[in-house]
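Geometric and topological summary
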Amino acid sequence: LTMVCNLLLKSHQQTFLNQLREITGINDIQVLQQALKDSNGNLELAVTFLTAKNAKVPQQEEATYYQTALPGNDRYISVGSQADTNVIDLTGDDKDDLQRAIALSLEESNRAFRETGITDEEQAISRVLEASIAENKASLKRTHPEVWSDSPNPYDRKRQDSCPVGLKNVGNTCWFSAVIQSLFNLLEFRRLVLNYNPPASAQDLPRNQKEHRNLPFMRELRYLFALLVGSKRKYVDPSRAVEILKDAFKSNDSQQQDVSEFTHKLLDWLEDAFQIKAEEERDGEKPKNPMVELFYGRFLAVGVLEGKKFENTEMFGQYPLQVNGFKDLHECLEAAMIEGEIESLHSENSGKSGQEHWFTELPPVLTFELSRFEFNQALGRPEKIHNKLEFPPILYLDRYMHKNREITRIKRDEIKRLKEYLTVLQQRLERYLSYGSGPKRFPLVDVLQYALEFASSKPVCTSPIDDIDASAPPSGTVTAQTIPSTTEQQGPSSSEIPSTSPVQRSVIHKPFTQSRIPPDLPMHPAPRHITEEELSVLEGCLHRWRTEVENDTRDLQESISRIHRTIELMYSDKSMVQVPYRLHAVLVHEGQANAGHYWAYIYDHHQRRWMKYNDISVTKSTWEELERDSFGGYRNASAYCLMYINDKEQFLIQEEFNKETGQMLLGMDTLPPDLKDYVKEDNKRFEKELEEWDAELAQKVQQEKLLASQTPRMPAPSSAPVQAGEPEYLEQPSRTDLSKHLKEDSVRAITKALAEQEDRSPETVMQMAIKLEYARLLKLAQDDPPPECDYRLHHAIVYFMQNEAPKKIIERTLLEQFGDHNLSFDERCRNIMKVAQAKLEMIKPDEVNMEEYERWHQEYRNYRETTMYLMVGLELFQKKSYMEALLYLIYAYQNNKELLSRGLYRGHDEELISHYRRECLLKLNEHAAALFESGDDQEVNNGLIIMNELIVPCLPLLLVDETEEKDIAAVEDMRNRWCSYLGQEMEPNLQEKLTDFLPKLLDCSTEIKGFNDPPKLPSYSTHELCERFARIMLSLSRTPADGR
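Definitions and limits used
- Residues numbered from 1 in each chain as written.
- Predicted model: local features only at pLDDT ≥ 70, side-chain atom pairs only at ≥ 80, totals over all residues.
- Heavy atoms only, no water.
- UniProt positions renumbered as here; feature names shortened; annotations may be inferred.
- Phe/Tyr/Trp six-rings, centres within 6.5 Å; stacked < 30°, edge-to-face > 60°.
- Buried < 20%, exposed > 50% of the residue type's maximum accessible area, 1.4 Å probe, protein only.
- Lys NZ or Arg CZ within 6 Å of the ring centre and 35° of its normal.
- Core = buried A, V, L, I, M, F, W, Y, C linked by side-chain atoms within 4.5 Å.
- Contact = heavy atoms within 4.5 Å.
- Pairing = 2+ DSSP bridges.
- Helix = DSSP H or I, 4+ residues; strand = E, 2+ residues; numbered from the N terminus.
- Polar contact = N/O pair within 3.5 Å; in protein donor to acceptor, adjacent residues only side chain to side chain.
- Salt bridge = Lys/Arg side-chain N within 4 Å of Asp/Glu carboxyl O.
- Patch = residues over 30% accessible without salt bridge, like charges linked within 9 Å, V, L, I, M, F, W, Y side chains within 5 Å.
- Areas by Shrake-Rupley, 256 points an atom, 1.4 Å probe, with all protein chains shown as cover.
- Axes fitted to C-alpha atoms, helices over the stretch in contact; angles between N-to-C directions.
- Parallel < 35°, antiparallel > 145°, perpendicular 65-115°, else oblique.
- Left-handed = near helix turned anticlockwise from the far one by under 90°.
- Nonpolar A, V, L, I, M, F, W, Y, C, P; charged D, E, K, R; others polar.

The protein goes by Ubiquitin carboxyl-terminal hydrolase 25 in an unreviewed UniProt entry, where it is assigned to Chelonoidis abingdonii. Taken from UniProt, the Function (unreviewed entry) comment for the protein reads in full: "The muscle-specific isoform (USP25m) may have a role in the regulation of muscular differentiation and function." Recorded in UniProt under Catalytic activity (unreviewed entry), the annotation for the protein is "Thiol-dependent hydrolysis of ester, thioester, amide, peptide and isopeptide bonds formed by the C-terminal Gly of ubiquitin (a 76-residue protein attached to proteins as an intracellular targeting signal)."

1. Quick look at the packing of aromatic side chains
Scanning the model with the defined rule gives 32 aromatic pairs in all. Residues Phe316 and Tyr319 carry aromatic rings whose centres are separated by 5.3 Å and whose planes lie at 85° to one another, so their mutual orientation is edge-to-face. On the basis of relative accessibility, which here comes to 0%, the residue Phe316 falls in the buried class. Pairing Phe877 with Tyr882 gives two aromatic rings, centres 5.3 Å apart and planes at 65°, and the pair type is edge-to-face. The two residues Phe877 and Tyr882 agree in class, both being buried. Taken together, the ring pairs in this structure connect Phe391, Tyr603, Trp610, Trp623 and Phe631 into an aromatic cluster. It is Arg190 that lies over the ring of Phe184; its NZ or CZ is 3.9 Å from the centre. The ring of Tyr893 carries Arg917 above its face, with NZ or CZ at 3.7 Å from the centroid.

2. Comments concerning the nonpolar core
If you look at the biggest cluster of nonpolar residues, it comprises 98 residues, and the most contacted ones within it are Ile750, Phe800, Leu886, Phe932, Ile951, Trp978 and Leu1001. Setting aside anything within four residues of it in sequence, one finds Phe800 in contact with Ala805, Ile809, Ile810, Thr813, Trp856, His857 and Tyr860. Counting residues in each nonpolar core, the second largest holds 59 residues, with Val165, Ala226, Val242 and Leu245 among its members.

3. Details of the pairing of strand 15 (residues 617–621)
Alignment of strand 14 (residues 609–614) against strand 15, held across five bridges, turns out to be antiparallel. The partner of Asn614 across the bridge, within strand 15, is Ser617. As consecutive antiparallel partners, strand 14 and strand 15 are separated by two residues, and within that stretch Asp615 has a phi angle of approximately 60°, a positive value.

4. A look at the side chain of Arg412
Tracing the backbone shows Arg412 in helix 13 (residues 405–433). One polar contact links Arg412 to Glu334, side chain to side chain, over a distance of 3.1 Å. Discounting chain neighbours no more than four positions away, the residues touching Arg412 are Glu334, Met337, Ile338, Trp358, Arg399, Tyr400 and Tyr571.

5. Comments concerning the pattern of salt bridges
Within this structure, the stated rule accounts for 43 salt bridges. A salt bridge links Arg219 to Glu220; the shortest N-O distance between them is 3.8 Å. A salt bridge links Arg417 to Glu414; the nearest nitrogen and oxygen atoms lie 2.6 Å apart. Placement of both Arg417 and Glu414 in helix 13 is noted, with a separation of three residues, approximately one turn of the helix.

6. Focus on the UniProt feature "coiled-coil region" (unreviewed entry) in the protein
Per the UniProt record, "coiled-coil region" (unreviewed entry) is found at residues 676–703. This span, residues 676–703, is 100% helix and 0% strand, and a straight line between its end C-alpha atoms measures 40 Å.

7. Concerning a nonpolar patch on the surface
A cluster of nonpolar side chains, namely Phe657, Met664 and Leu666, defines an oily patch on the protein surface of about 300 Å² accessible area. If you trace the backbone, Leu666 turns up in the loop between strand 16 (637–646) and helix 18 (673–710).

8. A word on the environment of His605
Looking at the element boundaries, His605 is found in the loop between strand 13 (595–604) and strand 14. By relative accessible area, His605 is classed as buried at 14%. The spatial distance from the C-alpha of His605 to the C-alpha of Arg582 is 9.9 Å, given a sequence separation of 23 residues. Excluding residues within four positions of it along the chain, His605 makes contact with Arg582, His584, Ile645 and Ile653. Within the structure, His605 has its side chain in polar contact with the side chain of His584 (distance 3.2 Å).

9. A few points about helix 7 (residues 187–194)
Structurally, the α-helix is built with 3.6 residues per turn, so residues lying three or four positions apart point the same way. Judged by how many residues are buried, helix 7 sits mostly within the fold: eight of eight residues are covered. Buried within helix 7 we find Leu187, Glu188, Phe189, Arg190, Arg191, Leu192, Val193 and Leu194.

10. Side note on the packing of helix 24 (residues 850–878) against helix 26 (residues 910–934)
It is the contact of helix 24 with helix 26, at a shortest axis distance of 11 Å, that shows an interaxial angle of 40°. Our classification of the angle between helix 24 and helix 26 gives oblique. When the axes of helix 24 and helix 26 are compared, the crossing they make is left-handed. Contact with helix 24, carried on its side by Leu870, Leu874 and Phe877, involves Ile913, Tyr916, Glu919, Cys920 and Lys923 of helix 26 and no other residues of that element. Considering only residue class, the contact of helix 24 with helix 26 consists of six nonpolar, no polar and two charged.

Right, dumping it as structure tokens:
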């Protein structure tokens, strides 16, 4: 008994010491032991002692302690209720008080482990980290974050065909969406949840706390999965399931939970729920828990502890892997499977410690937790590791299996030998590539080449300065005045220099031409004295040495490449590719340690493509996008959890089939009757929303028609000239929106036609006027004017011609221009107007598609409106009114993008609008950050209002197009500016506001949320619009902007 107690105490002490070392970064064992002793075994207090002292400890080699060395240790166990245990039962009545105390302690530890899925040691670490974060936040509570707001238009929330259903973010719950979607897309897991029936004994009243908690959660999870299968909504609300889960965390309900923490809790609850059902259905046999069989595997720990060998089987769920210091997943796994001095495992007498892990049983679903957070002792808070870590779409695990341990050990020894040889070769190669003894080093082959070039240069007998005649310029065209007096001592006097120029000229200094090197001076240094024989010997040696060095370098490089290839192919033989696991899901985190956003990439095994699940947004993706967001080293995003599935276990992803007909079951057909009814009811409610919306729209249209019918017709305009205050083009009631500017064009064409045409009948004059106007507009359409002169604004027909509108549309538009009532101001124009109107009435419905006609004119109105948004936005930007300018530029960009989607000449320069939209956001971000830094409550609040109401809603617009690298870089700049505050000391109220704001800023969803209504546009005539547009574009050309 005493031996067992000592063994347990020693094991826990070693565990605590290892955890202290990991948390604080202190490697001195004596310091750690003293801190543990002073704190009476309280891990949290020990960390406080160590961080408070901030002692400088001597750097020593890390002493390694092996937590799986003893029976009963559960470092890697994720779910302990099913774990093997070798602990002796000491709870019998015949045991003394000490024995019962030990048994109670073990029971309490195991109970806590079963309840949370987390060991005592892990809980202690979690408490320490939480305490540190809490201290850093000055123990302040966060306010409730902003949640998603639904669009009032239900058609915006309608599911498109068979597109996967998203999950609504109900307040920092992107972690919930990422994990649930990953599990839901495992068809076997989906079936388990959907077909789960609560045990009959628990129907009326739950028997214990577990049932009271787990059964309601299972009920809500079934409802949620059913909606994800058959809902007609684009996304569904998971609030009820989330609330049950959050209550169990006993933390602030707005706290953003860790993915691994949540997954631990979820799997633990699911295991308990299925265990209750399994125990009820067993027939005298040991109950089989489908969760255990799906997600949990076993490994064998084989090792030596202080010279004593041990062998121990343990169960694991999510397998933790360290990221720091490794470049790919296999390196992480190798480090996790081997610890300490491996040679000691195979020797009889050794005081060293070491261990190996070998998988004995792999689960169908294998989850790796990538540890991307570490505790920064200097800052007193956790930090995220952004290092790049690669992982493959297919992972072969043969090398980690216990059955292959002998061959794996041989291959590991061979790899170790190759890597040692590789190191030697790389060191040798480095000496060739970085030759020299000084701070600057060069490739040896280049050094020899330079020496060869020097030796081969033309020899010069004089010194580098002796052959330069400073008294004489290269040409004889310069007069005596050009020679400085200092040359008299070095050469002939100025009077002796002949001048070919008959006229004495003033000196013009030409630094480049007058300093030209004489043609006989070599460009490079050269040896002064070298014989042909010496040069021949030297050239021969240098040529030979250079060839030898090139050959040596090439041989080293080829050997290094060959060894790399050998190492890569070490496990590629047929016997080591028998256990393939395919990547099913990647859970990604973007942000810092205490703020960020989660989403998931999930493989659609039937469509053979990747999908991105980002809260309510579900989009097609690619492996390239997954690599960029998941490997790390790019921005602040990286994979946090990897879910692999056994590629040979097809039942995991296999669809269901009807047992009678053999047909595949899809959608609602896969649901049990109770869930089918539940989804049908929800779909009815949504269909009712759609019907109510349609009815509301129909009522509005009816009211508008009624209002229009009751409005009296405007009398025909008099022959008086049109007043200057007449409404502009966009507000004209006529079909062509004729403005004063267009009327003047028509009168000008009519006048010119009358002058050129002998036959002055109204019809002939009208035809000539239309021909002249068409020719004028065609010339404008074919011109290539500067950006400030956009002829499309002058006339709709110029826009139509440039965008290849049908000829019938252009002809009718011209007829309507000449048939407008504004031309009735004199007799001759009135007669032409009547002819044009008669022509319009003669056009049959099948000759001109009026819907298409209206569509073209509406598009032109949209183009002019976009121009106004752009023009006003740029004017406000130049006045530094960035808050007002932003909304105009946002609408200009969005409307322009829609126009350009139909044709190249239907909108404005997209890059120009994008640049100023981006610059506007960056300047507002800087302004908001400056307000935040001021520390004044009012200014801080104003800064956050700018961010929450202007910046944050605009970020999805910049992220939606991933080819726009400048936009993505701008978003990163804005986010990094605010994330940089995390490591700074600040007032508690600022820390609280920052902590509440950052998750909104770091939300990577590209779902575009609703903006305010478009800003009111001023009224411009065509002349005013063209003039102001030209003025603002000219001002931009004088101050060119990046991105134009």
